[in-house]
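Breakdown of the fold
Here are the chains, one letter per residue:
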Amino acid sequence: MEVIVEKRLAQQASTTLPVWGWTALALLLLALFMILSASGTLLAPVLGDTSGIFNYLHEFAHDGRHLLGVPCH
Amino acid sequence: MVAAYLRRGLAAGLIAGLLSGLFAFFVGEPAMDRAVALEEASAEAHAGGHHEEEIFSRGAQKVGLFFATGLSGATVGGIFGLAFAYFRDRLTSRSDLARSIFLAGAVFCGMALIPALKYPANPPSVGDPETIGARTIAYFALVGLSLLAIYAAWQISHALREQGMDDTLRRLAIGVGLVVVVVALFLALPSGPSAGDFPRGLLWGFRLAALGTQAVMWAGIGVLFGFLSERANRMERREAGHRVAF
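Since the structure is predicted, the reported quantities are computational estimates derived from the model, not experimental observations.

Moving on to the overall build of chain A. Check the secondary structure of chain A and you find 5 helices and 0 strands. The order of α-helices and β-strands along chain A, N terminus first, is α-α-α-α-α. The 73 residues of chain A split such that 27% are buried.

This is the structure:
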């Protein structure tokens, strides 16, 4: 009996993420991709010529990308 | 409540990211400088003495190191905060500090340790720039699948405990199952780039420094986020006490 009540309490207490939480998660993942991986070479097939601006980000974040273990170039 | 966890995660992540940048600066940069010097020497030999102009100097790139580790720390910290909001009631640890360290350890294994066994970090000049797209996809696929494997292991472990399985047997079964899944992932995904004739000692020194950088980041997030949560809990309790008193 006690176990059943405890389980029911645990189920009620469990937090679920609100819609804005999922939106924030998607934006954070996009930001993480920009910081760690975006580069002109990588995005050229998707963005074409405008992808060149990402090369500045790529070169500036260069050392951090290598030392965080992400494929850089 | 979720907003408070997100804010705490962003703050803890930013500080942990800057700390990991400090580790990378002192432990990783010496190997990085030697790798860049080797790259330039081989490029000059190939281009017949012609030197390629860089967008940023090495000094600027070292400032960029803190920009990259600080900002990626803040973003993964924010994601960690959201995950903590979801997992807090589902983790059985006694305190928020213990929960935070447990969750950060699990994410470190899925995001850094397991992927590093298959695709260890590479210094500049290792890897063909032509294949960067395929390598990036394979790397993030392994990160996602490793995290999923750890989540599944945790779920199954939970279900087995509910059924009253013996603890030692349960841990053994979960451990063996996780190893089998990870080995299957390693076999299914394409192999990493060849290091060619890059000096082996320098290569592995660099790889250990890179893994250490990520370890500092996740240890920092786990401990700092845990302390911030404990502090918020104490303040909440004190406020609740005041309300009862008046």
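Moving on: the overall build of chain B. Assigned secondary structure in chain B consists of 6 helices and 0 strands. The secondary structure elements of chain B, listed N-terminal to C-terminal, are α-α-α-α-α-α. Dimensions along the principal axes, computed over C-alpha positions, put chain B at roughly 80 × 45 × 25 Å. Across the 246 residues in chain B, those meeting the buried criterion constitute 33%. Residue pairs at least 24 apart in sequence account for 89% of intrachain contacts in chain B once pairs closer than 6 positions are excluded.

Right, let's talk about the interface of chain A and chain B for a bit. You'll often see interface size given as the accessible area lost when the parts meet. Contacts between the two partners involve 33 residues from chain A, matched on the other side by 45 residues from chain B. Of all the elements in the fold, those that place two or more residues in the side of chain A that touches chain B are helix H1 (2–13), helix H2 (19–36), helix H3 (40–47), helix H4 (54–60) and helix H5 (62–67) of chain A. Classifying every residue of the side of chain A that touches chain B by side-chain character gives 19 nonpolar, 11 polar and 3 charged.

Residues and elements named next belong to chain B. Residue position: Asp-197 is located in the loop between helix H5 (167–188) and helix H6 (200–245). With 8 C-beta atoms packed within 10 Å, Asp-197 lands in the exposed category. The spatial distance from the C-alpha of Asp-197 to the C-alpha of Arg-207 is 16 Å, given a sequence separation of 10 residues.

Bringing the packing of helix H4 (residues 132–162) of chain B against H5 of chain B into the picture now. Residues and elements named next belong to chain B. At a minimum axis separation of 10 Å, H4 and H5 run at an interaxial angle of 160°. Between H4 and H5, the crossing angle belongs to the class labelled roughly antiparallel. H5 is crossed by H4, and the crossing has right-handed handedness. Facing H4, whose interface residues are Leu-142, Leu-145, Ala-149, Ala-153, Ile-156, Ser-157, Leu-160 and Arg-161, H5 presents Arg-170, Ile-174, Gly-177, Leu-178, Val-181, Val-182 and Leu-185.

The subject of this paragraph is helix H3 (residues 96–118) of chain B. Along an α-helix, residues three or four apart share an orientation, since each turn contains 3.6 residues. Taking 1.5 Å per residue, 23 residues should reach 33 Å; H3 of chain B reaches 33 Å between its end C-alpha atoms and fits that length. The largest bend in H3 of chain B comes to about 40°, at Cys-109 of chain B.

Further remarks concern the nonpolar core. Judged by nonpolar contacts, the single largest core of 55 residues is most densely connected at Leu-67 of chain A together with Phe-80, Phe-84, Ala-210, Ile-221 and Phe-225 of chain B. Elements represented by at least two residues in this core include exactly H2 of chain A together with helix H1 (2–47), helix H2 (58–87), H3, H4, H5 and H6 of chain B. Phe-225 of chain B has contacts with Arg-8, Gly-9, Ala-12, Phe-80, Phe-84 and Ser-100 of chain B, leaving out every residue within four places of it along the chain.

Positioned with a positive phi, Ser-125 of chain B is a non-glycine residue whose angle comes to about 90°. Among the secondary structure elements, Ser-125 of chain B is positioned in the loop between H3 and H4.

Here chain B shows a mean pLDDT of 92. Residues at 70 or above account for 96%. Predicted as a complex, the structure gets a pTM of 0.89 and an ipTM equal to 0.89.

Right, let's get into the confidence of the model for chain A. Atomic detail in the predicted coordinates should be set aside for any region of low pLDDT. The predicted model of chain A averages 82 in pLDDT, with 81% of residues at 70 or higher. Confidence scores differ between elements of chain A, with H1 of chain A showing the lowest mean pLDDT of 52 and H2 of chain A the highest of 94.

In this section: the packing of H3 of chain B against H4 of chain B. In helix packing, the relevant descriptors are the interaxial angle and the interaxial distance, both defined with respect to the helix axes. Residues and elements named next belong to chain B. Remark: H3 packs on H4, axes separated minimally by 8 Å, with the N-to-C direction vectors making an angle of 135°. Viewed along their axes, H3 and H4 adopt a mutual orientation that is oblique. Here the hand of the crossing between H3 and H4 comes out right-handed. Residues Ala-106, Cys-109, Gly-110, Met-111, Ile-114, Pro-115 and Lys-118 of H3 touch H4, and the partners they reach there are Tyr-139, Leu-142, Val-143, Ser-146, Leu-147 and Ile-150. In terms of residue class, the contact of H3 with H4 is made up of 10 nonpolar, 2 polar and 1 charged.

Between its first and last C-alpha atoms H2 of chain B spans 42 Å; for 30 residues at 1.5 Å apiece the expected length is 44 Å, and the two agree. Counting buried positions over the 30 residues of H2 of chain B gives 21, a clear majority of the element.

Before going further, it helps to examine the environment of Ala-173 of chain B. All names here are of chain B. Mapped onto the elements of the fold, Ala-173 is located in helix H5. Residue classification places Ala-173 among the partly exposed positions, given that 16 C-beta atoms sit within 10 Å. Distance from Ala-173 to Ser-157, taken between C-alpha atoms, is 8.9 Å for residues 16 residues apart in sequence.

Scoring rules and cut-offs
- Residues numbered from 1 in each chain as written.
- Chains lettered and ligands numbered in written order.
- Predicted model: local features only at pLDDT ≥ 70, side-chain atom pairs only at ≥ 80, totals over all residues.
- Helix = DSSP H or I, 4+ residues; strand = E, 2+ residues; numbered from the N terminus.
- Buried ≥ 20, exposed ≤ 12 C-beta atoms within 10 Å, placed from the backbone.
- Contact = placed C-beta atoms within 7 Å.
- Nonpolar A, V, L, I, M, F, W, Y, C, P; charged D, E, K, R; others polar.
- Axes fitted to C-alpha atoms, helices over the stretch in contact; angles between N-to-C directions.
- Parallel < 35°, antiparallel > 145°, perpendicular 65-115°, else oblique.
- Left-handed = near helix turned anticlockwise from the far one by under 90°.
- Expected span 1.5 Å × (residues − 1).
- Bend = angle between axes of the 7 residues up to and from the residue.
- Core = buried A, V, L, I, M, F, W, Y, C linked by C-beta atoms within 7 Å.
- pLDDT = per-residue confidence, 0-100.

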